[in-house]
Amino acid sequence: MLTVDYDRLGIGPGTKVIDVGCGAGRHTFEAYRRGADVIGFDQNVDDLNNVDEILRAMKDKGEAPASAKAEAVKGDALDLPYGDATFDCVIASEILEHIPDDDRAISEMVRVLKPGGSLAITVPRWLPEKICWLLSDEYHANEGGHIRIYKADELRDKVLAHGLELTHTHYAHALHSPYWWIKCLVGTENSDHPAVKAYHKLLVWDMMSRPWVTRAAESLLNPLIGKSVALYFTKPVVAGAAG
């Protein structure tokens, strides 16, 4: 389940990509499938070990072009271990809401992005997230949990302050909002509750089969209750600058 629109980013063979806060690796894997040279970057060793294992399996099965390169790297999003203007594309999906010093993280992502490159950021959308917080402290008040709720224009302005240009905004995963509201009502760890199990079955059916009825429903509901908001930026090319 991807939140970022890869067609909009133009990721393909030879594109240098870093997926900051890659987690389980869903966006890293898609970049690799498309032939990019991608780094799945995170601070969670267990997640990275799983990502590395899947990347190796993808390579062995020929699920990515032979020219593509992929690796999992442990590190801190506040101090990316790469030089200025290293990557054609930087992805940060659902991580900034976890980071106290989000301005520094944004600054680092902008620093390693090449002029003319693209930055894609996704975070939980304000309304669905606010409802979750109102329904359950357990949802967010835990170690490594969500520490803030963004409004899209607030996040936009934080990035624009670093000199980037906004190119597009969209919402995603509307069908997931009710799922999390149900979990917040019955307990976020109560995965065996009948309502949770039933809705989860619906989501799995949607992801695996992509039926027109759920695809149409989500398309209609995304502007209203999309669980995530995605913002796309470009880094201007300065006239006369190298690279």
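Residues numbered from 1 in each chain as written. Predicted model: local features only at pLDDT ≥ 70, side-chain atom pairs only at ≥ 80, totals over all residues. Heavy atoms only, no water.

Looking at an unreviewed UniProt entry, one finds the protein named Methyltransferase domain protein and attributed to Mycolicibacterium hassiacum.

Let us now look at the pattern of salt bridges. Tallied over the full model, the rule gives 14 salt bridges. In this structure, arginine 56 and aspartate 52 form a salt bridge, with 2.8 Å as the shortest nitrogen-oxygen distance. In this pair, arginine 56 and aspartate 52 are both assigned in helix H3 (residues 45-60), four residues apart and thus about one turn of the helix distant. The salt bridge partner of glutamate 218 is arginine 215, with a shortest N-O separation of 3.1 Å. Here glutamate 218 pairs with arginine 215, and both are found in helix H9 (residues 212-225), just three residues apart, close to one helical turn. Judged by relative accessible area, which is 21%, arginine 215 ranks as partly exposed. Through salt bridges with shared partners, one network takes in Asp7, Glu30, Arg33 and Arg34. (Salt bridge = Lys/Arg side-chain N within 4 Å of Asp/Glu carboxyl O. Helix = DSSP H or I, 4+ residues; strand = E, 2+ residues; numbered from the N terminus. Buried < 20%, exposed > 50% of the residue type's maximum accessible area, 1.4 Å probe, protein only.)

With that settled, consider the pairing of strand E5 (residues 113-124). Burial analysis of E5 places nine of its twelve residues in the buried class, the great majority of the element. For E5 and strand E7 (residues 228-234), the ladder comprises seven bridges, and the chain directions are antiparallel. By the bridge assignment for E7, proline 124 is matched with serine 228. (Pairing = 2+ DSSP bridges.)

Here the focus is the packing of aromatic side chains. All chains considered together, the criterion is met by five aromatic pairs. A centroid spacing of 5.8 Å and a plane angle of 70° characterise the contact between tyrosine 139 and tryptophan 180, whose relative ring orientation is edge-to-face. On the criterion of sequence distance, the pair formed by tyrosine 139 in the loop between helix H5 (126-135) and helix H6 (152-160) and tryptophan 180 in helix H7 (residues 176-186) is long-range, its members being 41 residues apart. On the accessibility criterion, tyrosine 139 (11% relative accessible area) is buried. On the accessibility criterion, tryptophan 180 (28% relative accessible area) is partly exposed. Between tyrosine 179 and tryptophan 180 the ring centres are 5.8 Å apart and the planes differ by 80°, which places this aromatic pair in the edge-to-face class. An aromatic cluster is present here, built from Tyr139, Tyr179, Trp180 and Tyr199 joined pairwise through their rings. Of note, arginine 8 hangs over the ring of tyrosine 232, and the distance from its end group to the ring centre comes to 6.0 Å. (Phe/Tyr/Trp six-rings, centres within 6.5 Å; stacked < 30°, edge-to-face > 60°. Lys NZ or Arg CZ within 6 Å of the ring centre and 35° of its normal.)

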